[in-house]
Amino acid sequence: MKGNELKRKEHEAIRCGVGYYDFTHQILDVKGKDAATFLDKVFVNDIKNMKKGHALYTTMLNEEGKIIDDVIVFRLEEDKYLISTLYIDKMIKWFDKFKDGCDLDYKDITSKVTMFAVQGPKSRDLVNKVVDEDISNLKFFTIEDNSVGDLDIMVARAGFTGELGYELYVESSKKEKLEEKIKECGKEFGLINITTDVIIGSLPGEKGYVLMSDLEGTNPLEVGYGWTVHWDSDFIGKDALIKEKENVKRDLLGFELLEEGEVEVGAKVLLDGREIGKVTKFTYGYTVEKFIGYCLIEKEYAVEGKEVEIETKEGVIKAKLCDRVFYDKENERVRE
């Protein structure tokens, strides 16, 4: 099967049915009576007021207010958190730099935990076949303990696909047992094992979700994440971010091609021959049926509907700026 045909099949399995894949990120276990206070210092969102069993998206900034990581924080207990990241070594070094005087312990438990993502409109029915305790009432961005026979697992209602979805966390030494159960129960739902890069390409790309490659060198206000900033917290980079607040210089928009061409990440975006930004993502959206991407644009030119040109190896091609959420703008699919 050709690569694009396989990608389409896997993409559509998530959009219309159910797919699963090992999507284990690096995981930092954080605990201690100062954990909430410390995490409020290194992250911009409101960690201390999280409820137990809830998840929160946030970014970590350097002293200049630039994003150096974006993560999901799970609050498992009053003084116990799990942080999901792709840059754990850098995070640990950053924590080490600022932890002095804090009653805090953190360690990399990535090797001990495996996470299977089960995503798609049929994911709730499938997960309920797999687990012992019904998860039908599990709210979006929450996590709870469950079991699969003698397996202890955690189930989070979350994902990176833009569909109803769940993440099943299990001890890595027992992951084969959980995976076999998922595959066995998935037969009646037409479960597909996702093997291509649609999980970081077309699926999140249609939904406007970002990777660190989209955020590199930006601050939260430039990429539409002002809503994550808890201004009452004294987080690292706050002073710099306050200075940027009234003078946001860039915006992360979507674009769609108006003619055929192959675009590379980092390509220049031009208006009347002048460089106004760069491409951060490019993919084919199998649901919206067009080539799409994101670009970081100078704020004064970041206008939806504006036609621009993008440099390619073959020359410039025309594109149109647009909202970077191409699919399910009302977020109904994720929250159904």
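On a predicted model such as this, the values are computed, not experimentally measured, just so you know. (Residues numbered from 1 in each chain as written. Predicted model: local features only at pLDDT ≥ 70, side-chain atom pairs only at ≥ 80, totals over all residues. Heavy atoms only, no water.)

(A) Looking closely at the overall build of the chain. Secondary structure assignment for the chain yields 9 helices and 17 strands. Computed over the C-alpha atoms, the radius of gyration of the chain is 21 Å, within 12% of the 20 Å expected from 2.2 N^0.38 for a compact globule of 336 residues. The C-alpha extent of the chain, read off along each of the three principal axes, is 65 × 55 × 30 Å. Expressed as a percentage of the 336 residues in the chain, the buried residues total 54%. Restricting to contacts in the chain with at least 6 residues of sequence separation, those with at least 24 account for 68%. Accessible surface, the chain: about 15,800 Å² in total, of which carbon and sulfur atoms supply 46%. (Helix = DSSP H or I, 4+ residues; strand = E, 2+ residues; numbered from the N terminus. Rg over C-alpha atoms; globule rule 2.2 N^0.38 Å. Buried < 20%, exposed > 50% of the residue type's maximum accessible area, 1.4 Å probe, protein only. Contact = heavy atoms within 4.5 Å. Areas by Shrake-Rupley, 256 points an atom, 1.4 Å probe, with all protein chains shown as cover.)

(B) Seen up close, the UniProt feature "domain: GCVT N-terminal" (unreviewed entry) in the chain. Per the UniProt entry, the sites bearing "domain: GCVT N-terminal" (unreviewed entry) are residues 8-232 in this numbering. The straight-line gap between the two end C-alpha atoms of residues 8-232 is 45 Å; of that span, 26% is helix and 30% is strand. (UniProt positions renumbered as here; feature names shortened; annotations may be inferred.)

(C) Just the pairing of strand S5 (residues 80-85), in detail. Burial within S5 is extensive, with 5 of its 6 residues counted as buried. Pairing of strand S2 (residues 26-31) with S5, which is carried by 6 bridges, proceeds in the antiparallel orientation. Paired with Leu28 across the two strands is Ile83, which belongs to S5. Note that strand S4 (residues 67-77) and S5 share 5 bridges and pair antiparallel. Paired with Phe74 across the bridge in S5 is Leu82. Linkage of S4 to S5, two consecutive antiparallel strands, is achieved through a turn of 2 residues. (Pairing = 2+ DSSP bridges.)

(D) Broad picture of helix H8 (residues 238-245). Residues of H8 that are buried include every one of Lys238, Ala240 and Leu241, and no others. Looking straight down H8, one finds that the buried residues subtend no more than 160 degrees of arc, so they occupy a single side. Seen from the open side of H8, the exposed residues pointing more than 90 degrees away from its buried face are Asp239 and Lys243. Residues of H8 that are buried sit in contact with strand S3 (54-61). (Arc of directions from axis to C-beta.)

(E) The packing of helix H2 (residues 35-42) against helix H3 (residues 88-98), seen in detail. The N-to-C vectors of H2 and H3 enclose an angle of 110 degrees; their axes lie 11 Å apart at closest approach. The orientation of H2 with respect to H3, classified from their angle, is roughly perpendicular. Where H2 approaches H3, its residues Phe38, Leu39, Lys41 and Val42 are matched on the opposing element by Trp94, Phe95 and Phe98. Of the residues that constitute the contact of H2 with H3, the class distribution is 6 nonpolar, no polar and 1 charged. (Axes fitted to C-alpha atoms, helices over the stretch in contact; angles between N-to-C directions. Parallel < 35°, antiparallel > 145°, perpendicular 65-115°, else oblique. Nonpolar A, V, L, I, M, F, W, Y, C, P; charged D, E, K, R; others polar.)

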